[in-house]
Amino acid sequence: MVDLSARMTRPARLVAVDMDGTFLDAESAYDRVRFGRFNQRLQAAGARFVVASGNQYWQLLTYFDGFPDVFYIAENGALVATAERVLRVAPFEPSAVAAALDFVDRLPGVSTLACGVKAAYARYDTDPGVLEMMRRYYVRLELVDGWAEVDDDVVKLALACPAERTGALLAELAIGLPRGVVPTSSGHGSIDLVSHGVNKGVALAWLGERLGIAAEEMIAFGDGGNDVEMLALVGLGVAMANAPDDVKKHADVVAGAHDDSGVLEFLEHLPGQPWSNRS
């Protein structure tokens, strides 16, 4: 059993949470009233709340309307923002994204989104059922005849495939993608392609430096492979009970499941923190 008081030797000044499978329940919802109470205590203690997700920035904003103090790490670390403005973007080189799109377009059973700063883009010939699913996660989604029509800084390629193919496809992508393009997955038949050196951990470290908050003063929660760099970075990395074992091994401790408000339950009862119910 990890001694949490030993891991967090001083009050945490930043809490970072993944969304799907972590902060959100199976219905893609969370207890807004409970979070509002917690967030008030967090802000009163001078700490920050950061959403760190593979999701689109514009989508994340819809979850936290009414909470203007939230920071956002979106697109698996490729974009960092506040509720009002984008602070940092890590786009693909145009040649790299063109080569990656050429490769993934030849993979059977795989649908692709090119995710930019202004919107996400899908081709008109994308399967309608896949498009419907993608619109759940990308509130700004535009259709194009071909990738050459995309006039945006592309920060991520989002691939949708059958869930049972995720592992095999990750291996295939690692071999066939152009140099500098890295696959990462949150599971659930979802794979993201980002530039080398782009991940939630790097983005969180950058934001911490900007805010004057050391990694040792952070707590992070996650459940997927795209969370491991973030969990390894912070003073206290927390995996969800519903996370696979290969994610839990990167964490210091395991919280309750996402369907049981595991993040808020853990934070509200974490000893030694000024915003905790057990401070």
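Residues numbered from 1 in each chain as written. Predicted model: local features only at pLDDT ≥ 70, side-chain atom pairs only at ≥ 80, totals over all residues. Heavy atoms only, no water.

Caption draft 1: Just the side chain of Arg-34, in detail. Considering the arrangement of structural elements, one finds Arg-34 in helix H3 (residues 32–44). Residue Arg-34 is classed as buried on the basis of its relative accessible area, which comes to 15%. Setting aside its immediate chain neighbours within four residues, Arg-34 contacts Ser-261, Leu-264, Glu-265 and Glu-268. (Helix = DSSP H or I, 4+ residues; strand = E, 2+ residues; numbered from the N terminus. Buried < 20%, exposed > 50% of the residue type's maximum accessible area, 1.4 Å probe, protein only. Contact = heavy atoms within 4.5 Å.)

Caption draft 2: Structural view of the nonpolar core. Ranked by internal contacts, the top residues of the largest apolar core, which has 43 residues, are Phe-23, Phe-35, Phe-49, Phe-64, Ile-219, Phe-221 and Trp-275. Beyond its immediate chain neighbours, meaning those up to four positions away, Phe-23 contacts Val-17, Asp-18, Ala-29, Tyr-30, Phe-35, Phe-49, Phe-64, Val-263 and Leu-264. One finds Phe-103, Val-110, Leu-157 and Leu-177 within the second-largest nonpolar core, a separate group that totals 25 residues. (Core = buried A, V, L, I, M, F, W, Y, C linked by side-chain atoms within 4.5 Å.)

Caption draft 3: Representation of the packing of aromatic side chains in the model. Scanning the entire structure with this criterion turns up 15 aromatic pairs. Look at Phe-49 and Phe-64: their rings are 6.1 Å apart centre to centre, the planes differ by 50°, and that puts the pair in the tilted class. Of this pair, Phe-49 sits in strand S2 (residues 48–52) while Phe-64 sits in the loop between helix H4 (57–63) and strand S3 (71–74), placing them 15 residues apart in sequence. Phe-64 carries the same exposure label as Phe-49, and that label is buried. Measuring from centroid to centroid gives 5.6 Å for Phe-221 and Phe-266, while their planes differ by 85°, and the two rings are edge-to-face. Of the two residues, Phe-221 sits in strand S12 (residues 218–222) while Phe-266 sits in helix H11 (residues 262–268), which places them 45 residues apart along the sequence. For Phe-266, a relative accessible area of 13% translates into the label buried. (Phe/Tyr/Trp six-rings, centres within 6.5 Å; stacked < 30°, edge-to-face > 60°.)

Caption draft 4: Quick peek at the pairing of S12. Across the five residues of S12, five count as buried, placing the element largely inside the fold. Residues Met-218, Ala-220 and Gly-222 line one face of S12 and the alternating positions Ile-219 and Phe-221 line the opposite face, and both faces are buried. Where strand S1 (residues 14–17) meets S12, four bridges bridge the pair, whose relative direction is parallel. Looking at the pairing, Val-15 lines up with Ile-219 of S12. Examined bridge by bridge, S12 and strand S13 (residues 236–240) share four bridges and lie parallel to one another. When the bridges of S13 are listed, Gly-222 appears paired with Ala-239. Handedness of the crossover joining S12 and S13 through helix H9 (residues 228–233) is recorded here as right-handed. (Pairing = 2+ DSSP bridges. Right-handed = clockwise from strand over helix to strand, strands pointing away.)

Caption draft 5: Quick look at the pattern of salt bridges. Scanning the entire structure with this criterion turns up 11 salt bridges. Across the salt bridge formed by Glu-268 and Arg-34, the nearest N and O atoms sit 2.6 Å from each other. One end of the pair, Glu-268, is in helix H11; the other, Arg-34, is in helix H3, and 234 residues separate them in sequence. Here Lys-156 ties to Glu-75 by a salt bridge, and the two come within 2.7 Å at their closest N and O atoms. Of this pair, Lys-156 sits in strand S9 (residues 154–160) while Glu-75 sits in the loop between S3 and strand S4 (79–81), placing them 81 residues apart in sequence. (Salt bridge = Lys/Arg side-chain N within 4 Å of Asp/Glu carboxyl O.)

Caption draft 6: Structural view of the environment of Gly-66. Relative to the helices and strands, Gly-66 resides in the loop between H4 and S3. Taking the C-alpha atoms as reference points, Gly-66 and Gly-36, 30 residues apart in sequence, are found 9.2 Å from one another.

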